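Structural overview for review
Okay, here's what each chain looks like letter by letter:
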Amino acid sequence: MTENKASQERTPQERLQEEQEHKEHVHHTKINAAAISDHLLGNMHTLHVKLHQYHWYVNGANFFTLHEKFEELYNQNEEWFDKLAERLITSGHKPASTTAEFEKYSMLSEDAINKYAKAEDMVENIIEDFRSTRELTIRAIRLVQDEGDDALEDTLIAFKNDLDKNIWMLQAFIGKEALEDDDAFDEDED
C-alpha cells in the first residue's frame, strides 16, 4: 500500500496526532529548518496583529508616514507568511496553521498597552521583532543548507533580505545607522 493511500485510510485525528508527535520529536531531538520555520510563522502571525495595532493607533507628527508604512509592512508580512507556508508544504512539511500553534511557536509578544506607545517606540519595537525574526531565519537557512532543500533555502534568503531592508529603513526613520544597536552584528565585531 502506498504512503498516500495509507494516509487517507487514517482518520483526520490520527493524522493530526502523528503530525504533532513528529513535530514534538523534532523540536526535542534534532531541530530542522521546518521546525524553525514554524517559529517564523508564529512570529509572522504575531507581527500581523502588532503591525495592525500600530497602523490603527499610531499618532503624532509622523502619523501619515507611519500609518502607511505599517500598512505596507503588514501586507508584506502577509505575503511572506503565505509564501513560506506554501514552500514548506511543497517541500513535504506540515507547517503550523492554527492560532494556537502560532502562539505556541512565536518568539515575539504583543500587548494591548502598546497601542499607547509613542510612534518612535512602535518603530523600535518592530525593529527588534524583525531582528529576532531575522536571527531565526539565519538559523533556518543554515539548517536547510545542510538538508539540501534549495527552494526553501532561496525562499528563506529572500525573506531575510526583506527583513534586512526593512530594518535599515526603520532604523533610518529614527535617525540610526542600519546596524546601530544590532546585537547580532555587535557580537561579530568582538
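An account of the accompanying structure is given in this report. These figures come from a predicted structure and were not determined experimentally.

Bringing the pattern of salt bridges into the picture now. A complete count under the given rule lists ten salt bridges for this structure. In this structure, the salt-bridge partner of lysine 176 is glutamate 124, at a minimum N-O distance of 3.8 Å. Taken together, the residues lysine 176 in the loop between helix H7 (150–173) and helix H8 (183–189) and glutamate 124 in helix H6 (residues 119–147) connect sequence positions 52 residues apart. Given the relative accessible area of 25%, lysine 176 is considered partly exposed. Residue classification places glutamate 124 among the partly exposed residues on the basis of a relative accessible area of 28%. A salt bridge links aspartate 182 to arginine 134, with the shortest nitrogen-to-oxygen separation between them at 2.7 Å.

Here we take up the packing of aromatic side chains. In the structure shown here, the tally under the stated rule is four aromatic pairs. Summarising the aromatic geometry, the rings of tyrosine 54 and phenylalanine 70 are spaced 5.7 Å apart at their centres and angled 55° between planes, so their arrangement reads as tilted. Taken as a pair, tyrosine 54 in helix H3 (residues 33–57) and phenylalanine 70 in helix H4 (residues 63–90) lie far apart in primary sequence, 16 residues in all. For tyrosine 54, a relative accessible area of 1% gives the class buried. Between lysine 83 and the ring centre of tryptophan 80, over which it is positioned, the NZ or CZ distance is 4.5 Å.

This part is about the environment of tyrosine 57. Along the chain, tyrosine 57 falls in helix H3. Along the sequence, tyrosine 57 and lysine 118 sit 61 residues apart, while their C-alpha atoms lie 9.8 Å from each other. Sequence-distant contacts of tyrosine 57, defined by excluding residues within four places in its chain, comprise Lys115 and Met122.

This next bit is on the packing of H6 against H7. Think of two packed helices as two axes; the pair is described by the angle between the axes and how far apart they sit. Their axes nearest at 9 Å, the elements H6 and H7 cross at an angle of 155°. What the angle tells us is that H6 and H7 run roughly antiparallel. The interaxial crossing formed by H6 with H7 has left-handed handedness. Partitioning the contact of H6 with H7 into residue classes produces 16 nonpolar, five polar and five charged.

With that settled, the discussion passes to the packing of H3 against H6. For the pair H3 and H6, the least separation of the axes is 10 Å and the interaxial angle reads 160°. As far as their axial angle goes, H6 and H3 are roughly antiparallel. Viewed along their axes, H3 and H6 form a crossing whose handedness is left-handed. Looking at the contact of H3 with H6 residue by residue, the classes come out as 14 nonpolar, five polar and four charged.

Conventions adopted
- Sequence positions are assigned chain by chain, starting from 1 and proceeding in written order.
- Local features in a predicted model are, by the rule used here, given only for residues with pLDDT of at least 70; side-chain atom pairs are given and counted only at 80 or more, and totals for whole chains, interfaces and linings are based on all residues.
- Computation of side-chain values covers all heavy atoms of the structure but excludes hydrogens and water.
- A pairing counts as a salt bridge when a side-chain nitrogen of Lys or Arg comes within 4 Å of a carboxyl oxygen of Asp or Glu.
- The secondary structure listing takes helices from DSSP runs of H or I that are at least 4 residues long and strands from runs of E that are at least 2 residues long, numbered from the N terminus.
- Throughout, exposure labels follow a simple rule: accessible area from a 1.4 Å probe, protein chains only, divided by the maximum for the residue type, with under 20% read as buried, over 50% as exposed, and the rest as partly exposed.
- Aromatic rings from Phe, Tyr and Trp, with only the six-membered ring used for Trp, were paired whenever their centres fell within 6.5 Å, and each pair was classed as stacked if the ring planes differed by under 30 degrees, edge-to-face if by over 60, and tilted otherwise.
- Lysine NZ or arginine CZ positioned within 6 Å of the ring centre and within 35 degrees of the ring normal marks a charge as sitting over the ring.
- Throughout, a contact is declared for two residues whenever any of their heavy atoms are within 4.5 Å.
- Fitted lines through C-alpha atoms serve as axes, helices being fitted only where they are in contact, and the angles separating the N-to-C directions of these axes extend from 0 to 180 degrees.
- Orientation is classified from the angle alone, with under 35 degrees giving roughly parallel, over 145 giving roughly antiparallel, 65 to 115 giving roughly perpendicular, and any other angle giving oblique.
- Crossings are classed by handedness, with left-handed meaning an anticlockwise turn of the near helix from the far one by less than a right angle and right-handed meaning a clockwise turn.
- Under the scheme applied, nonpolar residues are Ala, Val, Leu, Ile, Met, Phe, Trp, Tyr, Cys and Pro; charged residues are Asp, Glu, Lys and Arg; polar residues are all the others, including Gly.

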